[in-house]
Amino acid sequence: AQDIPADQRDMIDECVKIEEVECSQISSSSNPNSHLDQRATVSTSQDVVSSNHPWSVGSAGIARWSEDDVWYNAVVDSVDQASGDIQVTFTDYGNTAIVKSDNIVSTAQDIPTDQIHMVDECVEMSATKSSPSDAAQNQVVQKNETEVTISKNSSDAKTRSPSCCPHTVGETVVARWSEDKVWYNAVIDSIDDASSQAHVTFIDYGNSATVSVNKIVATANDIPADELEMVDECVQLPICLPLTSAPLASIKEEDVASSLGA
């Protein structure tokens, strides 16, 4: 603003700090520290702007996952300054998500009191944080662990994310191909928690496809009873399957015929 022509001072936007600049000009000749004061003002303004986005890449915090509204330990991967969205990685489980700036805090003390019961067990709670009694909190945490379908105590807990998919990459399963609705032997190549889909390879035929996680079962025993007729011949079905009345009747007729022939 110091370089704006004097005859155009009346055409300056109200957001320009004319008064501070003019005072600086008046006092600059008598005060050799005026330029230092001016720099301090600029630095303060920059601090105010940066405080709107306190998160930076690599910052550790506690973020709330929108899928289950639970607070997890997280680290910031990137910050969208325009939208305020923050991409984080949940450090205890390895998956990533985008959260709003009001859904990430620096410490457990900053988690809203009415959401204390929705904190992951891996988050270290502060002893000074006002919260329900330990007994009540433990009951709620145990209930939470039951509702979330991940087993935090399983051997692959560190590689599995808080997700609705009970399977893991590399696991051999039986998956239903959407093209023909038939269940085939398959192996899981990757899992997309956001879309609840998995990429699988049908091991008996070599082709790959993306299927919904609710169309994947661990064994043929888990295939819905009304879809057993849509199972590929390579899938080993349970030995003890209920027989229909028609095969039984046929067996009896053959026995009768044999007896008459004898």
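Structure's up top.
Structural notes, computed from the coordinates.

Looking at the sheet that holds strand β7 (residues 182-192)
At step 1: With respect to topology, five strands assemble into an open sheet ordered β9-β8-β7-β6-β10, the strand pairing being antiparallel. The sheet is open, and its two borders are formed by β9 (208-212) and β10 (216-217), each paired with just one other strand.
At step 2: In terms of strand pairing, strand β8 (residues 197-201) meets β9 through five bridges, oriented antiparallel. Following the sheet pairing, Thr201 is matched in β9 by Ser208.

Structural notes on the nonpolar core
At step 1: Among the nonpolar cores identified, the biggest contains 15 residues, and Ala63, Ile86, Val88, Phe90 and Ile104 are the most heavily contacted of them.
At step 2: Of all elements in the fold, only β1 (60-65), β2 (70-79), β3 (86-90) and β4 (96-99) reach the threshold of two or more residues within this core.
At step 3: Considering every element that reaches this core, the biggest residue donor is β2, with four residues.
At step 4: In this structure, Ile104 is in contact with Trp55, Ile62, Ala63, Trp71, Val76, Ile86, Val88 and Val99, ignoring residues within four places of it in sequence.
At step 5: Core analysis: the next-biggest nonpolar cluster, separate from the first, contains 13 residues, Ala186, Ala198, Val211 and Val213 among them.

Some remarks on the packing of aromatic side chains
At step 1: As enumerated under the stated definition, the model contains eight aromatic pairs in all.
At step 2: Considering the side-chain rings of Tyr72 and Phe90, the 5.4 Å spacing of their centres and the 65° angle between planes classify their relative orientation as edge-to-face. On the criterion of sequence distance, the pair formed by Tyr72 in strand β2 and Phe90 in strand β3 is long-range, its members being 18 residues apart. Residue Tyr72 shares its accessibility class with Phe90, and that shared class is buried.
At step 3: Ring pairs connect the aromatic residues Trp65, Tyr72, Phe90 and Tyr93, which therefore count as one cluster.

About the thresholds
- Residues numbered from 1 in each chain as written.
- Predicted model: local features only at pLDDT ≥ 70, side-chain atom pairs only at ≥ 80, totals over all residues.
- Heavy atoms only, no water.
- Pairing = 2+ DSSP bridges.
- Helix = DSSP H or I, 4+ residues; strand = E, 2+ residues; numbered from the N terminus.
- Core = buried A, V, L, I, M, F, W, Y, C linked by side-chain atoms within 4.5 Å.
- Buried < 20%, exposed > 50% of the residue type's maximum accessible area, 1.4 Å probe, protein only.
- Contact = heavy atoms within 4.5 Å.
- Phe/Tyr/Trp six-rings, centres within 6.5 Å; stacked < 30°, edge-to-face > 60°.

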